[in-house]
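Below are the chains, spelled out letter by letter.
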Amino acid sequence: MLKETILSRSVRVICAGGLALGMHAAFAQEAAEQPIQRVEITGSSIKRIAAEASLPVQTFSQKDIQRTGVTSVTDFIQQLPVMQGFTASSDSVGGGGGGLTTASIHGVGESYTLVLVNGRRIAPATSGTTIDISTIPLAAVERIEVLTDGASALYGADAIAGVVNFIMKKGAAPLTIDAKYSRPQHPGGKDRTVSISKGFGDYENDGYSLFMSYSHQDSDRLKASQRDFAKTGIINFNDPKTGTPLQFFNGSSRSIPPNVTVGYLNASGTKKSVSVNPYLKINGKCPAAHVDLGDGQCYFDYTSSVEIAPEVKRDGFWASGSLKLGNSGWKAFSDISYNKSDIYATIAPYPAEFSLAKSSPLFAKYVQPYLTAEQLNGMTSATVKYRLQDLGGRAYDYQSKASNIVAGVEGNAAGWDINSALIYSRNKQPQNYLGGFPLADKFDAAIASGKLDPFPYALGEMPSDMQDVLRSTQYVGNYNTTDIKVYGWDMHGSREAFSLPAGPAMLGVGVDIRKTKFSQRANQAVAHSEILFDDNQPEYAFSRKSGGLFGELETPITKDWSVTTSARYDRVTKLSDDLNGGKVGDDQSAGTFKVSTRWQPTKSMVFRGAYGTGFKVASMTQIGQPLADFGVTGGTYNCPLSAANGLQNHPLAQYCDTRGQLEVFQGGNSGLKPEKSRQWTLGAVFEPTSNFSAKVDLWSVEIRDAVTSVSEDLIATNPNKYIDLYTVKHKASTGLDTLAIKLLPINIGRQENKGVDYDFQFREKVWEGKLTARLAGTYIYHSKYTTPGTDDSWESSLNVYGSDNAVQFRNVIATSLTYDIGRFTHNLTGNFRNGYKDKHHDVENCAVNTNDANQDCVDVQLDVPSYTTFDWQTTFRAIKGLDLTFGVKNLTDRNPPLSLRNTGSHQLGYDPRYASPIGRTYYVGATYKY
């Protein structure tokens, strides 16, 4: 039997758990030798002692997770220093997140980070490989392993940035009931979680084992109006350079009461337009929550009506079982999980547009008096831009029903350790409308009959009977359903290949086959523009097959030096169009490889390094999605096709003459090629004493032929460069054509990211207790990408809000102090992100004005300060089996720093991806084991 010495155990813990909290100075007290077994670790198919690993794997135990006070997998993963560039829950509030939360290692991207459960894939949340990590029940997680190096040569195409592997609980375990309640000091955002679990049977003695758990989470929504820094899009501040009072505003021309834009032909036959707001004309001022920018319209402060964080209800079930197959030495195993979640998000009230006929009594009463004879006689259209605030906000239920079944066998045959399983995984995502969406026929009928008159009433002034009429027009029910299914089989094995003077060489081989099906089906009740100002819903259904073969050989060169080589061949078929028939795109295949090494020159020092290549195919919708409506831009822009840009005579210029949000299309590109990558790591682990350890890993990821799309901001502010991405969208509700942009994937991008991960830990006995101090973080020293649409024009988002609408932080740091004494454990943690340059607003963009009567457009770019928060937790082991926990998150009640970001999710005043709006939060919890 293998034996593990004190030192090798120390190195193993450091290598496999580099960021783990709460490592205790107990090594010297352990027995000199302990029996161990070779096990599989993330990043290798060979069963081995974890101390033998040559890859940077960070391991987090149950205790590590509990000490952070989190209530979901998402909250834990997204606070790790190695994570940047993920989708946060705030993106579900108008940012297109759809309830999705993800992991993204080193800011390379969520689609490049492979997420596994017990080493196997689960159904993604998209048509690609992006996993919704919120579907993994925290209560069933035994530990989390994060491989911060590319692993395409083992796992396949989507592991370019690394791997997050959730190892779930199994086997005999006491009945455990866990409950936690958290409440912010300020209103909103309360959270309640409860879980129960139990393990039955001892596999060795009883021949079987079974573990089951159930968990429930219920989080309250947080409204923008409940936080001063987020309650309005009208932000007054002083110019950081001159001290001049300035105002930032990102409002909408769809207002309450409505604006009206009249198109007409002037005396010379030139197309012109004029905008009026009848309420402004009658009252001399705009209503509350609106701003008069001097162009005849009132602009709605929509931020006042959105949420900061959505309401969440989540239920998760997990079961894992093993059964001895007689005396064969083989066992059968199965994992079954089901997670149902509802993300209730409310954004600004519906931004309706509809036509107003010249013969309408409403036109004669509210619009005609404010038009000149030329405008009235030459009138070609009258478009009402109305915010249906009396209908309430647009309320969504982003539902997810994720199920996963794994059934397999494991054992030894002819010297091979073999593991094989069948997989079925599904993620069904209905998107339901809960209110705020008017049906066009009912709304138009109410306007035509005179039962609904939106023009004279500010918010709260509309008569109750008219409000009832408005509410009777809305649609409540399913809008569309996305359904992803994965069918798979895999088998891998490892054994001693041959003997060398330095020891045995170990071989691992494997194969995996998958079929993935993706569909998005519309609800036919509202599929064909039945909702006012909506467009026809696209429907598509694609499927494709993929498979891979891999091999891995670990060769000991000397007693202290080993080299591991691995190679993989992947093949991915072209898309099958399951809705219309036929094929889309091309078959793709590639070989990848990886070479890693580990050298331990002394008992206290380990060096390791790796170099490998990667390969990734585009998602099914990136390849096959037809051009489809994608709403409007997040930002508000002056007409891009203007005289200032020399485009006033462009054929599309006639469809844009006012400031506002641009219409958006999204579609696929059947000619996309696979992305390719190169990754390397170089690291060292040092433990001079049992009280101190240090780990440092340099890393690099380079991607070629990256699939990108030009951002809305680039298209809108560089119209000459991206003129081919402009088009026209026809709006059925108005009968007019409107300027639109196309967000289409292209294949010429490049991306480079390089940095250092580090972890320093110190352990010491202090008085009668044990103190553990930790400093860990990620330092990124190189990060750049080619401007979307080019392959040779480089830019960077490192410490600056870039054209990709994101920030890559140079420094993300986590620190902790843990003190164990008697029946108490006290834990203080700190989290730090450095400051950065905010989004640049120039004069042409005109998002910032002088806060005076002139309202001159100004050029501004803020310096967003660093963001640091501290959390405290105390756990008291009251009696045997009962632990009580009290904690405070954000001890200093730090508000998010000011940001003038105006793209992405609907929150303004700060960036919800990088700073929490919750504020100081108290929580209590209890865990009982019996």
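All residue numbers refer to positions counted from 1 along the written sequence of the respective chain. Local features in this predicted model are restricted to residues whose pLDDT is 70 or higher, and side-chain atom pairs enter the listing and the counts only when it is 80 or higher, whereas totals over whole chains, interfaces and linings include all residues. Excluded from the side-chain calculations are hydrogens and water; all other atoms, namely the structure's heavy atoms, are used.

(A) Layout of the sheet that holds strand β12 (residues 245-249). Two strands form a pair only when DSSP identifies at least two bridges running between them. A helix here means a DSSP run of H or I that spans at least four residues, while a strand means a run of E at least two residues long, and both kinds are numbered starting from the N terminus. Pairing in this open sheet of three strands is antiparallel, and the strands run β11-β12-β44 from one edge to the other. Edge positions in the open sheet fall to β11 (234-238) and β44 (848-850), since each of these has one partner strand only. Each neighbouring strand pair of the sheet contributes to a mean axis angle of 30°, computed without reference to strand direction. Fitted lines through C-alpha atoms serve as axes, helices being fitted only where they are in contact, and the angles separating the N-to-C directions of these axes extend from 0 to 180 degrees.

(B) Geometry of unusual backbone geometry. Following Ile256, the chain continues into Pro257 via a peptide bond in cis, with omega recorded as -10°. Turning to its location among the elements, Pro257 is positioned in the loop between β12 and β13 (259-265). Its identity as a non-glycine residue notwithstanding, Phe533 has a phi of 65°, on the positive side. Here Phe533 lies in the loop between β25 (503-522) and β26 (540-558). With a phi close to 50°, Gln855 is a non-glycine residue in the positive phi region. Within the secondary structure, Gln855 is located in the loop between β44 and β45 (863-864). A relative accessible area of 30% means that Gln855 is categorised as partly exposed. Summary of the burial criterion: residues with accessible area below 20% of their type's maximum are buried, those above 50% are exposed, and those between are partly exposed, where the area comes from a 1.4 Å probe applied to protein chains only.

(C) How the structure looks around the packing of aromatic side chains. Aromatic pairing here means that ring centres of Phe, Tyr or Trp (its six-membered ring) are within 6.5 Å. Orientation follows from the plane angle: under 30 degrees is stacked, over 60 is edge-to-face, and everything else is tilted. A complete count under the given rule lists 21 aromatic pairs for this structure. Ring plane angle 5° and centroid distance 5.3 Å describe the contact between Tyr396 and Tyr398, whose orientation is recorded as stacked. No difference in accessibility class separates Tyr396 from Tyr398, as the two residues are buried. With centroids separated by 5.5 Å and ring planes inclined at 85°, the aromatic side chains of Tyr396 and Tyr433 adopt a geometry described as edge-to-face. You can see Tyr396 sitting in strand β22 (residues 393-413) and its partner Tyr433 sitting in strand β23 (residues 416-435), a full 37 residues away along the chain. A single burial state applies to Tyr396 and to Tyr433, both of which are buried. Ring pairing ties together the aromatic residues Tyr350, Tyr396, Tyr398, Tyr433, Phe437 and Tyr479, which thus form one cluster. Over the face of the ring belonging to Phe200 we find Lys198, whose NZ or CZ atom lies 4.7 Å from the ring centre. Two limits define a charge over a ring: the Lys NZ or Arg CZ must be within 6 Å of the ring centre, and within 35 degrees of the ring normal.

(D) Summary view of the state of the cysteines. Whenever a pair of cysteine sulfur atoms sits within 2.5 Å, that pair is classed as a disulfide. In this structure the tally under the stated criterion is three disulfides. Covalently, Cys286 is tied to Cys298 through a disulfide, its sulfur atoms 2.1 Å apart. For the disulfide bridge between Cys286 and Cys298, the dihedral angle about the S-S bond is near -90°, and by the sign convention the bridge is left-handed. On the criterion of sequence distance, the pair formed by Cys286 in the loop between α6 (278-283) and β15 (290-292) and Cys298 in strand β16 (residues 298-300) is long-range, its members being 12 residues apart. The residues Cys286 and Cys298 share a single accessibility class, namely buried.

Function cannot be read off these values alone, since they describe shape.
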